[in-house]
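Listed below, chain by chain, are the residues.
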Amino acid sequence: MPSTPAPRALRFLDPAVVSRLGTMELKARTVVEGFLSGLHRSPYKGFSVEFAEYRQYLPGDDLSTLDWKVYARTDRHYIRKYEEETNLECHLLLDQSASMAYRGTAPMSKLEYGSVLAGSLAFLMHRQRDATGLMAFDEQIRFRLPASARPGHLHALLLGLERLEAGQRSNVERPLHQLAEALVKRSLVVLISDLLDDPVPVIKGLKHLKFRGSDIIVFQVLDPTELTFPFRGAATFRDVETAEHVVADPARARAAYLRGLAELTQRYEHELRGAGIDFVQVDTSQPLDLALLAYLSTRSRRK
Amino acid sequence: MNFLYPAFLLGALAVAVPVVLHLLRRDVAPDVPFTAVRLLQGSPVDSSRRRHLRDLLLLLARVAALLLLAAAFARPYAPEAAAAATRLRIIAIDRSFSMGAPGRFARALDIARGAVDEAGFADRIAIIAFDERAAVVAPPGNAADARAALGALAVGSGATRYGVMLGKAVELAAGGPATLVVVTDLQRAGWEGEARARVPGAVALDVRDAGTPPDNLAIVALGMQADTVTASVLNASRTARQGVAVVTHDGAPVARASFSAPPDTTVEVPLAWRRASTGTVSVAIDDRAGFSADNARHAVVRGAAAATVMVITSSDASGFFLLRALEAAAEGTLRALPVTTEQIAGARASAIADQSAVVLLSTRNLDRDARAALAAFVTRGGGLLIAASPDVDPAVVSAIFGWNVATLSADPAPRQVSLAATDLRHPMFRPFGSLAANLGQVRFHHAWRVKPDGWQVPARFSDGSPAVLERPLDAGRVVIFASDLDRRWNDFPLHSAYVPFVAEAVRHVAARHTPPQEFLVAHIPAGAKPEPGIQNIDGRTIAVNVDPRESSTGAMTTAEFRGMVEAPTVVAGGMPRQVHAEQTESRQNLWQFGLALMLVALVAESFVGKAQR
């Protein structure tokens, strides 16, 4: 199992810190490098690489890369260098509906958090020479970037993430089906959404993708306000997407709400995991490492 | 309830703000944007009577806070509370030495005790004993404490000062209602030199006569000449009085003389006695019916010998004019001792140390011993007057005192200047007054140039250069007259201002500081007892005498006394009422309670508001 990132590296994964960084590229780079520097002897290190050359050992090099056979033959220390390779295609699906623009007590809105997460994943994938694509949607597909591993592609993807704005109502099912039909080879699909809509069509879409042979990770991004419902005083709660409103006294409505949310989450977990789909719920006030670890875990399984 | 600054009550109009907000507020359930509304179940909003009650409590707390704030700024006070307060009764008893006449002070104490008995059960009583000082011998308290304080009182040696006593009484009353009972012999002298006193209208004045002063004989002054002591005897009686004055020197009778004084007259009584050089002198008379404290007067004999002034001359600088001027102006207080530089050469230079002052007219042949003796003389407190002349070498003078040689220099060429005093307050020129202008008639054609750094310059020549300079040197002082005093560089000796100038200049350098040795009881130094007589403080002998004004027996009526006390007229809206209101408000400090209640209201508002959220 991967170890927990060190405290100093964690600082760069903190949403409060990340939100203050400038461009999406900087955010993604900071998160990924902070995350990787926090991994200790990670079992993921070295995957997707092939041997390239020998190099003479220098103090500070990892002893695990020392080639003992060469040492036995030549009585000299050499370490093995590897070259990364890729044959994976990754698709990032980011929900940009109006509900994703919600920000309660967290330092970033769900859309900002999801964008940084998507950018970090893209950055990580790009380091591994994986072809990465992006699809941002609400009730329609608003932005689409086909998967590619070209050098300038990452920049275009990050720029696209940076320019995302909250849209209208969400319809997660449509992009899932569209993507499932469009995929020609096995891919890794990452869905980033709050998943507060009706779960039935969403699960159906995800299973469709899975059926086409893709590995899927689903990130349910929720604000701490949505997770705890900390409101006080009677209020008219108005839905940011549908304008539906409910007058409620939080003190009385809190228990039922949290129960409903738990049931929704449990249903996703149950249905998706049963279908071999990873489901991760992330809190926008929490560091991004949990989401990145989930990705690495899925990625390693694929190898 | 009254308010000191009622205009601040307009601030209470601010209560309209929470009231209007309360009336306008209709949204019991404000809009809150949210995402997972689908998961929410509607619940009845608490708009019940309880919520209305909370709102009402909130409104009341806010309105109360604003009203209390406005009221606190308006500074409320309760006048009726002031009136209902316990009254203060201040009894001021005169203990000046005029009350020491037989039976007078006992009568005053009886009157004061009667005033204590008249006090109401709840009244607080304070006792003030006064002469030229007013002391609270019993702070506001019960009658027993007041009686005890009266029992411990005794006549003092001070003079009556009513103003001091009234000031202390007003301070004790602190603006509140009080009755001031003044027990005194109503000596008119107690108002001498004082303006009418102001007493607040809330202080009721009750003057009680302890008995008019009796006939009195007093010694009010003492003069000492070489062969005579003169006592000034005041007969403050309605009839002529005779008596005998006795002089004692260090406690031993040395002279006596009879006198006869007409009524209300002061006579000078000469007593033949050759003045001693040291010791104390007292002159006493016998007057058992009058005030005992003024029957004697005391003095300390100062050294009476004339100050000796050594005038250092030479064959070319004889000091003729200076010596004649000193002889004419000295009046026995200065004795000039002319010596040539040869006469103080060698071991004889030690004679310089015995002088009161030295005038240096020549440095020709002034040997090393004489120079050193001169420097030591000044260092130990002596005064030296240096008069510039052809016979005084500036370099020698500079060398004696270690001054820079550039400090003093002689004029290289003649100049025509006159003299002007620039500091008429200087002791040398103070006696001249407006006649100092006469110094401008003197014509000078030669002088020294003196750099005035570190020097005081009380007179300058008409070209601005210093003419008379003075500087302290250790314990002594040096005065330089920058031109000749012997008519070689000027025509000064031919002018009428010459003699007084020389006399004052020599007196000034001969004068040494001696601390005062005679005091009135009211002005005794620290450590001395406030009673007349000869006293010794830290090895120093002083004479303490009573204030002669108190020896007068002139008395006033209680009506006249009241006339000297200015009671402010209480006019509606006028200053006295305002002052009274301020004092009442200051005592009650109700605004502090207002602010405290406002804070309580705000805390309550905070709690109710929090519970509502």
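If you're wondering where the values come from, they're calculated on a predicted model, not measured in any experiment. (Residues numbered from 1 in each chain as written. Chains lettered and ligands numbered in written order. Predicted model: local features only at pLDDT ≥ 70, side-chain atom pairs only at ≥ 80, totals over all residues.)

### Let's talk about the overall build of chain A
Then, number 1: Helix and strand counts for chain A come out as eleven helices and ten strands.
Then, number 2: With 303 residues in all, chain A has 39% of them scored as buried.
Then, number 3: Contacts in chain A between residues far apart in sequence, at least 24 positions, make up 76% of those at least 6 positions apart. (Helix = DSSP H or I, 4+ residues; strand = E, 2+ residues; numbered from the N terminus. Buried ≥ 20, exposed ≤ 12 C-beta atoms within 10 Å, placed from the backbone. Contact = placed C-beta atoms within 7 Å.)

### Points about the overall build of chain B
Then, number 1: In terms of regular secondary structure, chain B is built from 13 helices and 30 strands.
Then, number 2: With 613 residues in all, chain B has 39% of them scored as buried.
Then, number 3: Counting only contacts in chain B whose residues sit at least 6 apart along the sequence, the fraction spanning at least 24 positions is 75%.

### Some thoughts on the confidence of the model for chain B
All names here are of chain B.
Then, number 1: Put simply, chain B has an average pLDDT of 85, and 92% of its residues get 70 or more.
Then, number 2: When pLDDT is averaged over each element of chain B, strand S20 (residues 383-387) comes out on top at 93 and helix H3 (residues 79-84) at the bottom at 55.
Then, number 3: The model gives residues 569-575 a pLDDT under 50, and that stretch makes four contacts with residues more than four places away or in other chains.
Then, number 4: Across the predicted assembly, pTM comes out at 0.42 and ipTM at 0.75. (pLDDT = per-residue confidence, 0-100.)

### Notes on the sheet that holds S20(B)
Residues and elements named next belong to chain B.
Then, number 1: Judged by pairing direction, the sheet is mixed, and its eight strands sit side by side in the order S18-S17-S19-S20-S26-S25-S24-S22 without closing on themselves. Among the strands making up the open sheet, the edge pair consists of strand S18 (334-340) and strand S22 (419-421). Across the sheet, the mean angle from the axis of one strand to that of its neighbour is 20 degrees, orientation sign disregarded.
Then, number 2: Packing of helix H7 (residues 320-329) onto the sheet brings it into contact with strand S17 (307-313), S18 and strand S19 (357-360), and relative to S18 it is tilted by some 160 degrees.
Then, number 3: Across the sheet, helix H8 (residues 368-379) touches S19, S20, strand S25 (466-473) and strand S26 (476-481), and the angle it forms with S26 is around 120 degrees. (Pairing = 2+ DSSP bridges. Axes fitted to C-alpha atoms, helices over the stretch in contact; angles between N-to-C directions.)

### Considering the sheet that holds strand S15 (residues 280-284) of chain B
Residue and element names in this part refer to chain B.
Then, number 1: Taken together, four strands build an open sheet; the order of strands is S13-S12-S15-S16 and the sheet is antiparallel. Each edge of the open sheet is held by one strand with a lone partner, namely strand S13 (252-261) and strand S16 (296-300). Across the sheet, the mean angle from the axis of one strand to that of its neighbour is 15 degrees, orientation sign disregarded.
Then, number 2: Pairing analysis gives five bridges linking S15 to S16, with the strands arranged antiparallel. Looking at S16, one finds that Val-283 is bridged to Arg-297.

### A few points about the packing of H7(B) against helix H10 (residues 498-510) of chain B
All names here are of chain B.
Then, number 1: Look at H7 against H10: their axes get within 9 Å of each other, and the N-to-C directions meet at 80 degrees. In terms of orientation, H7 lies roughly perpendicular with respect to H10. Contact with H7, carried on its side by Leu-322, Ala-325, Leu-326, Ala-328 and Ala-329, involves Tyr-498, Val-499, Pro-500, Val-502, Ala-503 and Val-506 of H10 and no other residues of that element.
Then, number 2: Considering only residue class, the contact of H7 with H10 consists of eleven nonpolar, no polar and no charged. (Parallel < 35°, antiparallel > 145°, perpendicular 65-115°, else oblique. Nonpolar A, V, L, I, M, F, W, Y, C, P; charged D, E, K, R; others polar.)

### Some words on the interface of chain A and chain B
Then, number 1: Listed per partner, the contact involves 27 residues of chain A and 19 residues of chain B.
Then, number 2: Among the secondary structure elements, those contributing two or more residues to the side of chain A that touches chain B are strand S8 (235-239), strand S9 (245-248) and helix H10 (250-274) of chain A.
Then, number 3: The element best represented in the side of chain A that touches chain B is H10(A), accounting for six residues.
Then, number 4: Note that S8(A) and strand S2 (residues 31-34) of chain B share four bridges and pair parallel. Among the inter-strand pairings, A:Asp239 is bridged to a residue of S2(B), identified as B:Phe34.

### Focus: the environment of B:Ala169
Residue and element names in this part refer to chain B.
Then, number 1: As for its position among the elements, Ala-169 is in helix H6 (residues 162-173).
Then, number 2: Take Ala-169: there are 27 C-beta atoms within 10 Å of it, and that puts it in the buried class.
Then, number 3: A sequence separation of 41 residues divides Ala-169 from Ile-128, and the C-alpha atoms of the two residues are 7.7 Å apart.
Then, number 4: Leave out the neighbours within four places in its chain, and Ala-169 touches Ile-90, Ala-92, Ile-128, Leu-180 and Val-203.

### Focus: the environment of A:Ser214
All names here are of chain A.
Then, number 1: Along the polypeptide, Ser-214 turns up in the loop between helix H8 (199-211) and strand S7 (215-222).
Then, number 2: When the 21 C-beta atoms within 10 Å are taken as the criterion, Ser-214 is described as buried.
Then, number 3: Along the chain, Ser-214 and Ala-180 lie 34 residues apart, while their C-alpha atoms are 8.6 Å from each other.
Then, number 4: Not counting the four nearest positions on each side in its chain, Ser-214 is found in contact with Leu-183, Arg-186, Ser-187, Leu-188, Val-189 and Leu-209.

### Quick word on the confidence of the model for chain A
Residues and elements named next belong to chain A.
Then, number 1: Across chain A, the average pLDDT comes to 78, with 78% of residues at 70 or higher.
Then, number 2: Ranking the helices and strands of chain A by mean pLDDT puts helix H9 (residues 224-228) first, with 91, and helix H1 (residues 7-10) last, with 42.
Then, number 3: Taken together, the stretch residues 1-12 has pLDDT below 50 and engages in 26 contacts with residues farther than four places along the chain or on a different chain.
Then, number 4: Scored below 50 in pLDDT, residues 40-48 makes 14 contacts in the model with residues more than four places away or belonging to other chains.

### Observations concerning unusual backbone geometry
Residue and element names in this part refer to chain B.
Then, number 1: Notably, Leu-186 is not glycine yet its phi reads approximately 60 degrees, a positive angle.
Then, number 2: In this structure, Leu-186 sits in the loop between strand S7 (178-184) and strand S8 (197-198).
Then, number 3: For Asp-250, which is not a glycine, the phi torsion comes out positive at approximately 50 degrees.
Then, number 4: The topology assignment puts Asp-250 in the loop between strand S12 (241-249) and S13.
Then, number 5: Take Asp-250: there are 13 C-beta atoms within 10 Å of it, and that puts it in the partly exposed class.

### A short note on helix H7 (residues 173-182) of chain A
All names here are of chain A.
Then, number 1: Looking only at H7, the buried set comprises Pro-175, Leu-176 and Leu-179. Looking straight down H7, one finds its buried side chains confined to an arc of 100 degrees; they lie on one side.
Then, number 2: Of the surrounding elements, those touching the buried residues of H7 are strand S3 (89-95), strand S4 (131-137), strand S5 (141-148), strand S6 (188-193) and H8. (Arc of directions from axis to C-beta.)

### Structural notes on the nonpolar core
Then, number 1: Counting 75 residues, the largest nonpolar core has B:Ile90, B:Ile91, B:Ala92, B:Ile127, B:Ile128 and B:Ala169 as its most contacted members.
Then, number 2: The element contributing the most residues to this core is H6(B), with seven residues.
Then, number 3: When sequence neighbours within four positions are dropped, the list of residues in contact with B:Ile90 reads B:Ala126, B:Ile128, B:Ala169, B:Leu172, B:Ala173, B:Ala178 and B:Leu180.
Then, number 4: One finds A:Met108, A:Leu134, A:Ala248 and A:Leu292 within the second-largest nonpolar core, a separate group that totals 72 residues. (Core = buried A, V, L, I, M, F, W, Y, C linked by C-beta atoms within 7 Å.)

### Remarks on H10(B)
All names here are of chain B.
Then, number 1: Compared with the 18 Å implied by 1.5 Å per residue over 13 residues, the 18 Å span of H10 between its first and last C-alpha is a close match.
Then, number 2: Burial analysis of H10 places ten of its 13 residues in the buried class, which makes it a mostly covered element.
Then, number 3: Tyr-498, Phe-501, Val-502, Ala-503, Ala-505, Val-506, Arg-507, His-508, Val-509 and Ala-510 are the residues of H10 that are buried. (Expected span 1.5 Å × (residues − 1).)

### Describing the packing of helix H4 (residues 104-118) of chain B against helix H5 (residues 143-151) of chain B
All names here are of chain B.
Then, number 1: At their nearest, the axes of H4 and H5 sit 10 Å apart, and the two run at 175 degrees to each other. Relative to H5, H4 is oriented roughly antiparallel. Judged by residue contacts, Leu-109, Ala-112, Arg-113 and Val-116 of H4 engage Ala-143, Ala-146, Arg-147 and Leu-150 from H5.
Then, number 2: Classifying every residue of the contact of H4 with H5 gives six nonpolar, no polar and two charged.

### Some thoughts on the environment of A:Gly167
Residues and elements named next belong to chain A.
Then, number 1: Topologically, Gly-167 is positioned in the loop between helix H6 (153-162) and H7.
Then, number 2: Linking Gly-167 and Met-100, residues 67 residues apart in sequence, is a C-alpha distance of 8.8 Å.
Then, number 3: In contact with Gly-167, other than residues within four places in its own chain, are Gln-96, Ser-97, Ala-98, Asp-138 and Arg-142.

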